Amino acid sequence: MTQDLLEVDGLKAYYQMNYFGVEREVRAVDDITMTIRKNEIYGIAGESSSGKTSLIRVLAAAIRPPMRIVAGSVKYDFKNGPMDVATASEAQIESVRWKHLSYIMQGSMSVLNPVRRIGKTFEDFAKRPLGLSGEAYRARVLNHLERLKLPASLLNAYPHELSGGMRQRVTIGLATVCHPEFVIADEPTTALDVVVQKEVLGLIREIQQDMGSSVVFVTHDMSVHANMADRVGIIYAGRLVEEGPTRQMFYAPKHPYTAHLVASLPRIGDTAQRPALEGRPPSLANPPSGCRFHPRCPLAIDKCKTEVPPLNNVANDHRSACWRWEDVKPLVAPQQPVMA
Amino acid sequence: MTTLLDVRNVSKRFTMGGLLSRRSVEAVQDASLSLSSERPEIFTIIGESGSGKTTLARMILGLERPSGGEISFRGKMVSQRVSRQERLEFMANVQPVFQNPFEAFNPLKEIDRYLESTAKRFLKLHRQDDIDGAMDGALQKVGLSLAEVKGRYPHEMSGGQLQRAAIARALIPNPPLLVADEPVSMVDASLRMSIVNLLRSLRDDFGVSVVYITHDLATAYYISNRLIIMQRGRIVEMGDARTVLDNPEHPYSRLLKASVLSTEDAGAGKLMTDPGMAALASERMERPGSLQSRPDGRLVRVCEEAR
Ligand SMILES: Nc1ncnc2c1ncn2[C@@H]1O[C@H](COP(=O)(O)OP(=O)(O)OP(=O)(O)O)[C@@H](O)[C@H]1O
Ligand SMILES: Nc1ncnc2c1ncn2[C@@H]1O[C@H](COP(=O)(O)OP(=O)(O)OP(=O)(O)O)[C@@H](O)[C@H]1O
Ligand code: SF4
Ligand SMILES: [Mg+2]
Ligand SMILES: [Mg+2]
């Protein structure tokens, strides 16, 4: 048995569109190689529209046109057998859905059918994979709702009768009630107040630890990554630019974009403006040459304009795609020394 | 001093469930606040998930009718039935930005068509050049452009792009009041600051008032003039944003501040809430109470016994 549950190799997934005879290609995932281990929480951060949702849509085997896998593989090692998303059949994907692999979409309310009561949606999703019926099924669902601090009466409600935060917890409930091996979540707690957010994050981690499952989640909230993730990966313009253990990413980043991201987090008490990045976000239809960050990078040198920096090991378990990683200075001073 | 918006003792009860399991929810209970016309401000609402923030916003927008109390805009009642013309005028003046951009847009309609219908409806523009100009102007304010958006459907945009497009749409009629329900929850920190700065410049440079609903205490601190904190349908604390956030008094406000995750302990995995604090915040809500004023100008909900 290996340590890894998912191996992504040279993945390219593009949106290919044709507008009135004009071909347009958005290279949302452009050559990503990464592995997700068993029993870990992996956080993904990055700029808006850098391709995070696109990447995890592929991981979740939820690929719909105009998106297409152009190259690479996405290999899972599930308990019921291996699966490569790039070549898997519909039936194969169906057989792992919810029980082995579950996906909480961004703006997740869309999985909730507006004219179906929450209880019915739970039955649609969970009854068959759980293999339970009658009282046993009901008890399992109620117990799960209770852990999510949701009242049982909610099963009779329609989605529009719930607040945004309640709906978000419902979708987390749907995604975890079958105890899957691999949970993928896109902004799972953005609609929650900070008190409930903390509880829900704690709950996701508790379920993850109980099950020894793997969780990959995307959020813009760097403080959530700081407290949830074992490892953090940073996406910029369709590429993984840095990846490493959480604490190192915050206090010893090895890529200038990560250093910027970590420092741009405002705190209560801040009234001064945080430094913003110069220039506009890159276009994924026509990305910059060489290092895609070069037009906005404070450390850029000539080489950066023409040569693509490879994602190399720079420290223990820590990879960076920057020619000048040794010169990157953290913009936030650590409160405590970095633990090796 | 004239008032722009006056919310007086407003409540909203929802009845839900079927015939057998009917029950009602007091989504908003006895909320009062007012914004002045002379001093545009950013008025922030923070609070528990499900505490009635969106419901209060929807009542201000005239999308939901209060079960009790009154809301008026520039002295005119919003909560009463009004003529079509009056309603259109009101809607041009009070524009919404909703919580979930994926829900705000019709998935089957191109983004620019949606913006275009707003421009036609509220600005009464007919020439395509004028319409395009109004759309592009609004999109530029949020860091997008008409060229980028044209012909694209909501699912073809990222969450952040969509949220910026939603703000641009609201800016088209040049409204004096914007009601923004979690406008920055789906964008990266850099963009978050630029949108928040945009709201601030709308206030400072164009005299637009903003009702800003958020879960993010840091941006609330950064831009708001005043704020209210809501718990279970009730306002539990109201006052100058920095006074309240620097030193919250109500147990729920304190719990809220204490629950904000920090990066200081990055990697340590601290997700525990102080159970004593949580119990205190929740126990207080069971008891009757009322808002009391404090010397520093804030209002705090105090339980009858504890006064
Ligand atoms: N169905 C689609 N068709 C065409 N282009 C798309 C589609 N979905 C996304 N895109 C484009 O792909 C790029 C990456 O989008 P994606 O949703 O992956 O970004 P993201 O990193 O998740 O951003 P955010 O943080 O704002 O959610 C964007 O330029 C977006 O406009
Ligand atoms: N149309 C409706 N019918 C029945 N109940 C409703 C309806 N809309 C809201 N509610 C209920 O009213 C309460 C307040 O909901 P609201 O959406 O205003 O909360 P919120 O403060 O915006 O929460 P969040 O931070 O999660 O968005 C909730 O208990 C919700 O279930
Ligand atoms: S490779 Fe060059 S441009 Fe890219 S991040 Fe490093 S220094 Fe900056
Ligand atoms: Mg996304
Ligand atoms: Mg809401």
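Just above sits the structure.
The residue numbers shown here count from 1 along each chain, following its written sequence. Each chain is given a letter, starting from A, and each ligand a number, starting from 1, according to the order in which they appear as written. Given that the model is predicted, a residue must reach a pLDDT of at least 70 before its local features are reported, and side-chain atom pairs must reach 80 or more before they are shown or counted; all residues, however, enter totals for whole chains, interfaces and linings. Side-chain descriptors were evaluated using all non-hydrogen atoms of the structure, hydrogens and water having been removed beforehand.

## Looking at helix α4 (residues 134-147) of chain A
All names here are of chain A. With 14 residues, α4 should cover 20 Å at 1.5 Å per step; its first-to-last C-alpha distance of 20 Å lies within 8% of that length. Throughout this description, buried means an accessible area under 20% of the type-specific maximum (1.4 Å probe, protein chains only), exposed means over 50%, and partly exposed covers the range between. The way it works is that DSSP assigns letters per residue, a run of H or I at least four long becomes a helix, a run of E at least two long becomes a strand, and they are numbered from the N terminus. Along α4, the positions that sit buried rather than exposed are Tyr137, Val141, His144 and Leu145. The arc that holds the buried residues of α4, viewed along the axis, is 100°, so those residues lie on one side. Residues of α4 that are exposed and angled more than 90 degrees away from the buried face: Glu135 and Glu146. In what follows, a contact means two residues having at least one pair of non-hydrogen atoms within 4.5 Å. On its buried face, α4 sits against α3 (118-130), α5 (164-176) and α6 (194-211). Positive phi appears at Lys149, one or two residues downstream of α4, with a value of about 60°. The span expected for a helix works out to 1.5 Å for each residue beyond the first. Within this analysis, the arc is defined by the directions that extend from the helix axis to the C-beta atoms.

## A short note on the site of ligand 1
Lining the immediate environment of ligand 1, one finds 25 residues, of which A:Ser49, A:Thr53, A:Ser54, A:His220 and B:Glu156 sit closest. The criterion for a residue being near a molecule or strand is simple. One of its heavy atoms has to lie within 4 Å of it. One chain alone does not account for the residues near ligand 1; they come from chains A and B. Any N or O atom pair separated by 3.5 Å or less is treated as a polar contact, with the protein-specific requirement of one donor-capable and one acceptor-capable atom, and with residues adjacent in sequence counted only for side-chain atom pairs. Here an oxygen atom of ligand 1 and a backbone polar atom of A:Ser50 are 3.1 Å apart. B:Arg152 is positioned such that a nitrogen or oxygen atom in its side chain is 2.9 Å from an oxygen atom of ligand 1. Reported accessibility uses the Shrake-Rupley method at a 1.4 Å probe radius. Residues are deemed covered only where the shown protein chains occlude them. A total of 640 Å² of accessible area belongs to ligand 1 in isolation, and the protein chains cover 96% of it. Only β1 (4-19), β2 (22-37) and α1 (52-59) of chain A together with α7 (159-171) of chain B provide two or more residues apiece to the shell around ligand 1. At 4 residues, α1(A) tops the list of elements feeding residues into the shell around ligand 1.

## A word on the interface of chain B and chain A
Taken together, the contact between chain B and chain A spans 58 residues of the former and 56 residues of the latter. When two components associate, each loses some accessible surface as probed by a 1.4 Å sphere; the sum of these losses over both components is called the buried area. Around 4,900 Å² of area is buried between chain B and chain A when both sides are counted, 55% of it from carbon and sulfur atoms. Definition used for salt bridges: Asp or Glu carboxyl oxygen within 4 Å of a side-chain nitrogen of Lys or Arg. Where chain B meets chain A, there are 0 salt bridges. Here chain B and chain A share 7 residue pairs in polar contact (both at pLDDT 80 or more) between them.

## Here we look at unusual backbone geometry
Residue and element names in this part refer to chain A. In this structure, the amide linkage connecting Pro65 to the following residue, Pro66, adopts the cis form with an omega of 5°. Position of Pro66 relative to the elements: it lies in the loop between α1 and β4 (67-78). Of note in the backbone geometry, Trp98 takes a positive phi value of approximately 70° without being a glycine. With respect to the helices and strands, the residue Trp98 is situated in the loop between α2 (90-96) and β6 (101-104).

## Side note on the sheet that holds strand β1 (residues 3-16) of chain B
Any two strands with at least two DSSP-identified bridges between them are counted as paired. The sheet built from 4 strands is open, its strands ordered β2-β1-β4-β5 (chain B) with antiparallel pairing. Among the strands making up the open sheet, the edge pair consists of β2 (23-36) and β5 (76-77) of chain B.

## Describing the site of ligand 2
The local shell around ligand 2 holds 22 residues, among which A:Glu161, A:Gly165, B:Gly50, B:Thr54 and B:Thr55 are the closest. B:Thr55 has a polar side-chain atom sitting 2.5 Å from an oxygen atom of ligand 2. Listing elements by their share of the shell around ligand 2, those giving two or more residues are α5 of chain A together with β1, β2 and α1 (53-60) of chain B. Here the residues of the shell around ligand 2 are counted per class, giving 6 nonpolar, 12 polar and 4 charged. Polarity classes work like this: nonpolar for Ala, Val, Leu, Ile, Met, Phe, Trp, Tyr, Cys and Pro, charged for Asp, Glu, Lys and Arg, and polar for all others, with Gly in that last group.

## As for the packing of α5(A) against α6(A)
All names here are of chain A. Look at α5 against α6: their axes get within 12 Å of each other, and the N-to-C directions meet at 0°. Overall, the two elements α5 and α6 adopt an arrangement that is roughly parallel. Listed contacts from α6 to Arg169, Ile172 and Thr176 of α5 are Val196, Val200, Ile204 and Ile207. For the contact of α5 with α6, the class distribution of residues is 5 nonpolar, 1 polar and 1 charged. Between the N-to-C directions of two axes lies an angle of 0 to 180 degrees, each axis being a line fitted to C-alpha atoms and, for a helix, fitted only over the stretch in contact. Any angle that falls under 35 degrees is termed roughly parallel, while one over 145 is termed roughly antiparallel, one within 65 to 115 roughly perpendicular, and all others oblique.

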